[in-house]
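The chain contents come next:
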Amino acid sequence: MSDGQNEVRAINWQEVFAFSHVFKSFRMAIHPSKLLLALAAVTIIFLGGHVMDWIWSIGHASVPVGAIESRRTESVGYNDRVRAWKANKPDRAVELYRVANGTTVVDQARTPLSGAFLTAFETQTRDIKAIDLPPGIQADAERKPWATLRDAREAMQNRAAAVNAAIDRAYEETSKNISQPDSLEKIETQRSNAHQAVFEFKRTFNAEALNRVEGRGIFAELLEHTRSSFTGATMALLRGNILGGLREYQNAQRANDGGVVYNLLLMGEGFCWLLREHWIFAAIFLLLSLAVWSLLGGAIHRIAALQAAREEKISIRQALTFSINKFFSFFTAPLIPLVLILLAGGAVALGSLITGNLWGVGAILIGLLLLIALIAGLVMAFLIIGLGAGSGLMYPTVAVEGSDSFDAISRSFSYIFARPWRTGLYALAALVHGSICYLFVRFFAFLLLWSSHLFVKAGVFYGGEGLPGASDRIDAMWPKPTFDSLASPGITEAMSSMERIGAFLVSVWVYLVVAGVVAFVLSYAASATTVIYYLLRRKVDATDLDDVYVESGEDAEEELPAIEPVAEAPAPEAAAAPAETPPPPEGQPAPPEEPKA
C-alpha cells in the first residue's frame, strides 16, 4: 500500500516570487533599439533646453550661479537678492573692466620670481601700466553690462598674453648668463610658477565674471543642479548612505554627507524652483519634453511590451509607427489628472475669492462652504496620489493594451489603489535592482572614458602651459574622467583658439557617452514599469502575462523561413498500381500473400 508521500521535483521561483520578473529588465533595457531611442530623446531634450536658454538670453533672463540651492536654504528674501544681483551688474562689470586693465596680473606673476629673473621681468613689464577707465563707461555699462564685460574679457586676455610673453623674454635673458645646472633649474621652476600665476588670474577673472555678472541660463542652472544631486546620490549609494542628511534637509541646511534620499529630494527641489520662479519657461520646456517622450518613450514602451510578453523584437520603425498612432494617448495620459487637479483647485480658489472677501458675511460663508472645499480636496488628494504613484503605469497601459489615455488613467489608478503594498514591493525590487545595474553601467562608461583618456594622453607631450605639474594639452582639452565625474568642462584658460575647437569636438563624443548612461536609465525605467504593469494586471484582472495587443501587420523582426525537405518522386515501377489477383476456384485454398516491403 502506498504511503501517499509526494516528492517536489522543481520549484517555479518566478511564480513563488513574482517580483523576480523585474530582474529581466536589465536584459530588456540594453536592447539596442531602446537605447538608441532613449539616446535620441535625451539629446533632443538637452538641445531643446539650451535653445530655450538662448532665446531667453535675448531678454537677458539669466539667474545667479547656485540659485536653486540659495532658494532652498535662504528662501526669505530670495527674490530681493536676485533683483539686487541683476541691478548691480553694471557696477560689477565696470569693476572687472578696471581689474582687466590694471596691474593685478603683473603683480601675481611677479610673486614667484626672484633675483636676476625678477629684475629682467620688471624691465620687460615696465610699459605695462594700469589704464584709466574711459569716460562714459559707467553709462555704457548701465545700458549694456554684457558689452562692458565682453570688453573686459578681451582686455584681460590681451594683458595676460603680454605678461606671459614678458615672462618668456625675461627667462631667455636670464638663462643666457647662468651656467650652473642647479641655477638653470631654479629659474625654470620660477618661469613655470609665473605662468601658472597668470593662468590662475585668468581663471579667477572668468569665475568672477560668471558668478557676478553673466550668471547661467535657466536650463543650465537646472541641469547643473540635477547633475550634482544625481552624482551625490550615486556616491552615497556606494557608501551605503541612504537616509543621511534628512535632518539638515528638513532645516533647510546643506548636508556635508547627504544620503541617497537627501540628494533625490534636492533634485525635486530643482524642479520646484523651476515651476515657482520661472513658470512660463517650465510650462514650455515640460510640454516639449513630454511631446518628445510621448513619441520616443512611447516607442520604447512598445518594444518593451512585446519583448516582456512574447520575447518578440520589433524594429524601430514599427515602434515609432505605433507611438505616432497613439501619440495623443501618450501625451494626454499624464496631463488629464494634472488638469483636473488644477481645475478643482482653481474652483476652490475662485469660490474663496468671491465669498471670502465679502464684507460682514464673508467669514460665515467660508465656514458654511468649507465642506465643498474639503470634498474638492479629497478629489485632489486622490488624483495627486494616483498621478504620483501611477504615472509610471500609464505608458505601459497604452503600449500593452493599445488603448487610449482614459483607459491608461483608469488602469493605473485602479492597480495602485487595489494593490498598494504589492505595487510598493515591485517598485522596491526595481529600484534596488536598477541601482545595481546603473552602477555597473556607470562603471563600464568610466572604464571606457578612463582607458581612452589614458592612451590618448600617453602620446601627447605638447601644450598645457600654466597647468600645474607635467601637464599637456589633453589635460586642458579633456580633464581626466573619474567615477563621480565622467565628464568635466575643458580648461579654456589654458587653451589656444585651435585647442578650443578641438576641445569642443572632444566634448561632443564624451558627453555622448554620458548621455548613453542616462539613456540606459530611461530604458531601464521603461522596461521595469512595463514588467510591473504585467504583474499587477495578472494579479488584479487575472490576465496572462503573454496577453498583449498586436496591431495588424505588426510582426516580430523578420526571420528566414524554414526550408522543408522536398518529397522524392516515386520510381516508375512503384508508380504503377499492382494488378489484382483473381480469386481462386471454389474448393481450393487461397495462395499465401507475399510479404509487404
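Since this is a predicted model, take the numbers as computed values, not measurements.

On to the overall build of the chain. The helix and strand inventory of the chain stands at 24 helices and zero strands. When burial is assessed residue by residue, the chain has 39% of its 597 residues classed as buried. Of the roughly 34400 Å² that the chain leaves accessible, carbon and sulfur atoms contribute 63%.

Of all hydrophobic cores here, the largest spans 60 residues; its most connected members are Val 22, Leu 393, Met 394, Tyr 524, Ile 532, Tyr 534 and Val 548. When residues no more than four places from it in sequence are discounted, the contact partners of Tyr 524 are Val 22, Ser 25, Phe 26, Ala 29, Ala 430, His 433, Gly 434 and Cys 437. Leu 96, Phe 121, Ala 152 and Val 213 belong to the second-largest nonpolar core, a separate cluster that totals 29 residues.

As a further point, take the side chain of Ser 523. Along the chain, Ser 523 falls in helix α23 (residues 497-541). Setting aside its immediate chain neighbours within four residues, Ser 523 contacts Met 28, Ala 29, Lys 34, Leu 35 and Ala 38.

Okay, the packing of aromatic side chains next. Within this structure, the stated rule accounts for 21 aromatic pairs. When the centroid spacing of 6.3 Å and the interplanar angle of 90° are considered together, the rings of Tyr 249 and Tyr 262 count as edge-to-face. Taken together, the positions of Tyr 249 in helix α13 (residues 246-250) and Tyr 262 in helix α14 (residues 260-277) put the pair 13 residues apart, joining distant regions of the chain. We classify Tyr 249 as partly exposed; its relative accessible area is 21%. Classification of Tyr 262 by relative accessible area gives buried; the value is 1%. Clustering of aromatic rings is evident, with ring pairs tying together Phe 46, Trp 56, Phe 219, Phe 281 and Phe 285.

On to a nonpolar patch on the surface. On the surface, Met 498, Ile 501, Phe 504, Leu 505, Val 508, Trp 509 and Leu 512 cluster together into a nonpolar patch covering about 790 Å² of accessible area. Assessed through its relative accessible area of 62%, Met 498 is described here as exposed.

As a further point, take the environment of Thr 234. Topologically, Thr 234 is positioned in helix α12 (residues 218-239). Beyond its immediate sequence surroundings of up to four residues, Thr 234 is in contact with Tyr 438, Leu 439, Arg 442 and Phe 483.

A word on the side chain of Ser 33. In this structure, Ser 33 sits in helix α3 (residues 32-57). Under the relative-accessibility criterion, Ser 33 is labelled buried at 10%. Residues contacting Ser 33, with those up to four places away along its chain left out, are Ile 303 and Ile 316.

This part is about α14. Working note: α-helix, 3.6 residues per turn, so residues spaced by three or four point in the same direction. Here α14 is 18 residues long and its end C-alpha atoms lie 26 Å apart, about the 26 Å a rise of 1.5 Å per residue gives. Along α14, the residues classified as buried are Val 260, Tyr 262, Asn 263, Leu 266, Met 267, Glu 269, Gly 270, Trp 273 and Leu 274. For α14, the secondary structure elements touched by its buried residues are α4 (67-73), α5 (78-87), α12, α13 and α15 (279-310).

A word on the pattern of salt bridges. According to the stated counting rule, one finds 23 salt bridges in the structure shown. The closest approach of N and O atoms between Arg 254 and Glu 69, which form a salt bridge, is 3.4 Å. With Arg 254 in the loop between α13 and α14 and Glu 69 in helix α4, the pair connects residues that are 185 residues apart, well separated along the chain. Across the pair Arg 537 and Glu 401 runs a salt bridge, and its minimum N-O distance is 2.7 Å. Of this pair, Arg 537 sits in helix α23 while Glu 401 sits in helix α19 (residues 362-401), and the two are 136 residues apart along the sequence. What you see here is one network of salt bridges that share partners, running through Glu 401, Asp 407, Arg 411, Arg 537 and Asp 541.

Phi at Glu 311 takes a positive value of approximately 55°, unusual for a residue other than glycine. Among the structural elements, Glu 311 can be located in the loop between α15 and α16 (316-325). Its identity as a non-glycine residue notwithstanding, Ala 542 has a phi of 55°, on the positive side.

When the pLDDT values of the chain are averaged, the result is 86; 88% of them are 70 or greater. The element-level mean pLDDT for the chain is lowest in helix α24 (residues 572-575), coming to 44, with helix α17 (residues 327-332) highest at 96. Counted against residues more than four places away or in other chains, residues 556-563, with its pLDDT under 50, gives six contacts.

With respect to the secondary-structure elements, Gly 215 resides in the loop between α11 (181-214) and α12. Residue Gly 215 is classed as buried on the basis of its relative accessible area of 12%. Along the sequence, Gly 215 and Ala 61 sit 154 residues apart, while their C-alpha atoms lie 9.3 Å from each other. Leave out the neighbours within four places in its chain, and Gly 215 touches Ser 62, Val 63, Val 65, Trp 85 and Leu 210.

Let's shift gears to α12. The end-to-end C-alpha distance of α12 is 32 Å, a good match for the 32 Å that 22 residues give at a rise of 1.5 Å each. The set of residues buried in α12 consists of Ile 218, Phe 219, Glu 221, Leu 222, His 225, Thr 226, Ser 229, Thr 231, Gly 232, Ala 233, Thr 234 and Ala 236. In this structure, the buried residues of α12 make contact with α3, α4, α14, α15 and α21 (420-458).

To characterise two packed helices, one gives the angle between the axes of the helices and the distance between these axes. Closest axis-to-axis distance for the α15/α16 pair is 8 Å, and the angle between their directions is 120°. The angle between the axes of α15 and α16 places the two elements in the oblique class. Like other packed secondary-structure pairs, α15 and α16 cross with a definite hand, here right-handed. Along its contact with α15, which presents Ser 294, Leu 295, Leu 296, Gly 298, Ala 299, Arg 302 and Ile 303, the element α16 presents Ala 319, Leu 320, Phe 322, Ser 323 and Ile 324. In the contact of α15 with α16, the residues fall into eight nonpolar, three polar and one charged.

Parameters at a glance
Per chain, the residues get numbers from 1 upward, laid out in the order the sequence is written. Owing to the predicted nature of the model, reporting of local features is limited to residues with pLDDT of at least 70; listing and counting of side-chain atom pairs is limited to 80 or more, with chain, interface and lining totals taken over all residues. Water and hydrogen atoms were dropped before computing side-chain values, which therefore reflect all heavy atoms in the structure. Numbering of helices and strands starts at the N terminus; helices are DSSP runs of H or I of at least 4 residues and strands are runs of E of at least 2. Burial classes follow relative accessibility: with a 1.4 Å probe on protein chains only, a residue under 20% of its type's maximum area counts as buried, one over 50% as exposed, and anything between as partly exposed. All accessibility values rest on the Shrake-Rupley procedure with a 1.4 Å probe; residue burial counts only the protein chains present in the view. To define a nonpolar core, start from buried Ala, Val, Leu, Ile, Met, Phe, Trp, Tyr and Cys residues and group those joined through side-chain atoms within 4.5 Å. Contacts are assigned to residue pairs with any non-hydrogen atoms lying within 4.5 Å of each other. Note on aromatic contacts: the rings of Phe and Tyr and the six-membered ring of Trp form a pair at centre separations within 6.5 Å, being stacked when their planes are under 30 degrees apart, edge-to-face when over 60 apart, and tilted otherwise. What makes a patch is a set of residues exposed beyond 30% relative accessible area and free of salt bridges, joined within 9 Å when like-charged and within 5 Å when nonpolar (Val, Leu, Ile, Met, Phe, Trp, Tyr). For salt bridges, the criterion is a side-chain nitrogen of Lys or Arg within 4 Å of an Asp or Glu carboxyl oxygen. For a helix, the expected span equals 1.5 Å multiplied by the number of residues minus one. For every residue, the predictor states its confidence as a pLDDT score lying anywhere from 0 to 100. Fitted lines through C-alpha atoms serve as axes, helices being fitted only where they are in contact, and the angles separating the N-to-C directions of these axes extend from 0 to 180 degrees. Comment on the angle field: the value is read as roughly parallel under 35 degrees, roughly antiparallel over 145, roughly perpendicular from 65 to 115, and oblique elsewhere. Here a crossing is taken to be left-handed if its near helix is turned anticlockwise relative to the far helix by less than a right angle, and right-handed if that turn runs clockwise. Ten residues, namely Ala, Val, Leu, Ile, Met, Phe, Trp, Tyr, Cys and Pro, are considered nonpolar, four, namely Asp, Glu, Lys and Arg, are considered charged, and the remaining ones, Gly among them, are considered polar.

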